[in-house]
Amino acid sequence: MRLPRSSPRLLAALLLTPLLAGCFASGGDSDGGAADAKDGSRLRVALAFPPAENLSPYGADATILSRLGVTEGLTALDANGAAAPALAASWRRENDRSWLFTLREAVFQDGTDVTPAAVAASLTHATEAKPAPAALSGVTLTAKAEGAGAVRVTTDAPDPVLPLRLSSPSLAILSPKAYDAKGAADPAGTATGPFELTDVEGSTGARLDRFDDYWGGRAQASGIDARFIADGTARTNALRSGRLDLAEAIPVAQAATLDADTRRETATTRTTSLLLNARSGAFKNASLRAAARAAVDTSALAEGVYEKHADAGAGIYGPAVTWAAGKRVPPTTNARPGKPAGTSVTLATYDNRPELPEVAQVLKQQLENAGFTVKLKVSEYARLESDALAGKFDAFVLARNTLVDTGDPVAALAADYTCAGGFNIAQLCDKSVDATVAKAERTADTTRRQDAAMAAEAAILRTDAVVPLVHQRVITGVAPQVSGVLLDPYERTLVGTGTRRDP
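K.L.:
Could you give an account of the packing of helix α10 (residues 298-305) against helix α11 (residues 355-369), with specific residues and numbers?
P.N.:
Axis separation between α10 and α11 bottoms out at 11 Å; the angle between their running directions is 145°. In this structure, the crossing between α10 and α11 has a hand that is right-handed. Residues Ala-300, Leu-301 and Val-305 of α10 touch α11, and the partners they reach there are Glu-355, Glu-358, Val-359, Val-362, Leu-363 and Gln-366. Residues that form the contact of α10 with α11 fall into these classes: six nonpolar, one polar and two charged.

K.L.:
Summarise the pairing of strand β16 (residues 395-401); cite the residues concerned and give the values.
P.N.:
With respect to burial, β16 is a largely interior element, seven of its seven residues being buried. With burial as the criterion, each face of β16 is covered, one bearing Ala-395, Val-397, Ala-399 and Asn-401 and the other bearing Phe-396, Leu-398 and Arg-400. Across seven bridges, strand β12 (residues 263-276) lies against β16 in antiparallel orientation. For Thr-272, the partnering residue across the bridge sits in β16 and is Ala-399. Bridging between strand β14 (residues 344-350) and β16 involves two bridges; their strand directions are parallel. What sits directly across from Leu-347, in β16, is Ala-395.

K.L.:
Before we move on, could you go through the layout of surface pockets and cite the residues and values that matter?
P.N.:
Taken as a whole, the second largest pocket encloses approximately 650 Å³ of empty space. Surrounding the second largest pocket, 32 residues form its lining, Ser-66, Glu-72, Ala-76, Leu-486 and Thr-493 being those nearest its centre. Within the residue set of the lining of the second largest pocket, elements represented by two or more residues are β2 (75-77) and β3 (83-85). The element that contributes the greatest number of residues to the lining of the second largest pocket is β2, accounting for three residues. In the lining of the second largest pocket, the residues fall into 16 nonpolar, twelve polar and four charged.

K.L.:
Explain the pattern of salt bridges to me, using residue names and the numbers behind them.
P.N.:
Going through the model one piece at a time under the given rule, you end up with 27 salt bridges. Between Glu-94 and Arg-152 there is a salt bridge, with the nearest N and O atoms lying 2.7 Å from each other. Taken as a pair, Glu-94 in strand β4 (residues 88-95) and Arg-152 in strand β7 (residues 150-155) lie far apart in primary sequence, 58 residues in all. Classification of Glu-94 as partly exposed rests on a relative accessible area of 27%. By relative accessible area, Arg-152 is classed as partly exposed at 23%.

K.L.:
If you had to explain the state of the cysteines to someone new, which residues and values would you point to?
P.N.:
One way to say it: the disulfide is the covalent bond shared by the sulfur atoms of two cysteines. According to the stated counting rule, one finds one disulfide in the structure shown. Sulfur-sulfur distance for the disulfide between Cys-419 and Cys-429 comes to 2.0 Å. One disulfide, between Cys-419 and Cys-429, carries an S-S torsion of 100° and so falls in the right-handed class. Residue Cys-419 is found in the loop between α13 (409-417) and α14 (431-442), and its partner Cys-429 is found in the loop between α13 and α14; the two are separated by ten residues along the sequence. Cys-419 gets classed as partly exposed once you look at its relative accessible area, which sits at 37%.

K.L.:
I'd like to hear about empty space enclosed by the protein, residue by residue, with values.
P.N.:
Applying the stated criterion to the full structure yields three cavities of 30 Å³ or more. Here the largest cavity is characterised by a volume of approximately 130 Å³. Lining of the largest cavity is provided by 14 residues; of these, Ser-273, Leu-275, Arg-400, Asp-416 and Tyr-417 occupy positions nearest its centre. Broken down by secondary-structure element, the contributors of at least two residues to the lining of the largest cavity are β12, β16 and α13. Residues belonging to the lining of the largest cavity are distributed by class as follows: nine nonpolar, three polar and two charged. In this structure, the second largest cavity spans a volume of roughly 80 Å³. In this structure, the second largest cavity is lined by 13 residues; those nearest its centre are Ala-249, Ile-250, Glu-355, Gln-472 and Ile-475. If one sorts the elements of the lining of the second largest cavity by residue count, strand β17 (residues 466-478) sits on top with four residues. Looking at side-chain class alone, the lining of the second largest cavity contains eight nonpolar, two polar and three charged residues.

What counts and what doesn't
- Residues numbered from 1 in each chain as written.
- Predicted model: local features only at pLDDT ≥ 70, side-chain atom pairs only at ≥ 80, totals over all residues.
- Heavy atoms only, no water.
- Axes fitted to C-alpha atoms, helices over the stretch in contact; angles between N-to-C directions.
- Helix = DSSP H or I, 4+ residues; strand = E, 2+ residues; numbered from the N terminus.
- Left-handed = near helix turned anticlockwise from the far one by under 90°.
- Contact = heavy atoms within 4.5 Å.
- Nonpolar A, V, L, I, M, F, W, Y, C, P; charged D, E, K, R; others polar.
- Buried < 20%, exposed > 50% of the residue type's maximum accessible area, 1.4 Å probe, protein only.
- Pairing = 2+ DSSP bridges.
- 1 Å grid on protein atoms, 1.4 Å probe; cavity = no way out; pocket = protein on both sides within 12 Å on 5 of 7 lines; lining within 4 Å.
- Points joined across faces, edges and corners; volume = space filled by probe spheres on them.
- Salt bridge = Lys/Arg side-chain N within 4 Å of Asp/Glu carboxyl O.
- Disulfide = S-S within 2.5 Å.

Shown next, in the form of structure tokens:
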């Protein structure tokens, strides 16, 4: 995987690996002194995932940048999952392949204007990134400046959900100064959001300062001290002891230790699934995938591991996708379960979400009861992602927000389960699936597109390359003195202009 060039400041910081205890050094936890008391306190935020790709906007780190209010795209998602204005104040569809986006007046954090040429260049860099951002899976687009205030985006095939696609955190707009000669992107001081990334402390934290010229108004907090803390218990303890203002992904086992007014539970479009490697290894055999699917008891996970803070897996889309249940098409042609007869498999997952290792342990027992021999591997996500994408594990437990990349249900299927998908951990390459997903991608009418998405879901589930386990509700820890936190089912936002900590 190609890593982007970082600025000297970021590169030097990323080489540091201080211990977790350093996350709570007094300097990072201070209230900011008298200046902050007059000008908005700094927010102390703990995120569960350290940067996996040097904070490149093109991969998994894109949501870190959007949740901290650093980056934004031409559009955003509203509460109903529809495209809403962001850097683009409005847009219109010119024909089935061309859209015109009218820009609002805005400036980059380096002081330069957000111009049509800069926006077009930024989108062009995203199309040239390797690997391609998940939002562009199966899509070829061209962006060109149009006059003094607009950008025309053209796709090689009709794309009825382009405004949704451009809301993806991985298609954030950065200034020309962000890119090196090879197109690699550095978001430090080059984005457009209300907070500017000013320093990164290796894999343990980052400092952000308020960007006073933000087009959406001046943020109420003067900055953010962000910590990347994979240990969920440590996040919870730091919040409870007053050393944090916000802590994402509170473990289910720790939720009861927080006061009721400190816990915020949000239904999300995140589904935890067991992904089976359909390209190589034991699960290349469809009958063994069927045997694994038959061995899994999802109710035991929802009731036990998640302590009723999740729903048993019904499909790739869960209850937060409110239209899905009434349109679900049950898969009917699963392969007959074979006999594992001691077949050895490696099951991997990550501990940034603390329930996942326990889920993996339960799955290990269930698979072993069915006759498999299971080796379990657990590590931080950043250490597993490249191997998972390369198909080096037989099975992988993944908590995936199905609408985080584009807000479009079909795009998630294209990225995760088609031959050309950029996030295809299941290594699935099935002509029937590809054809069904492609049909859904061509469907413009919203209701018919939803129907087509559910037909594609059924086609994918028939392969047994994915076994939906639970549909997750996320618990966020919020200190009592904090207000204006942005919690949404797509998990793209957390801190915004109205997020503040009162003295």
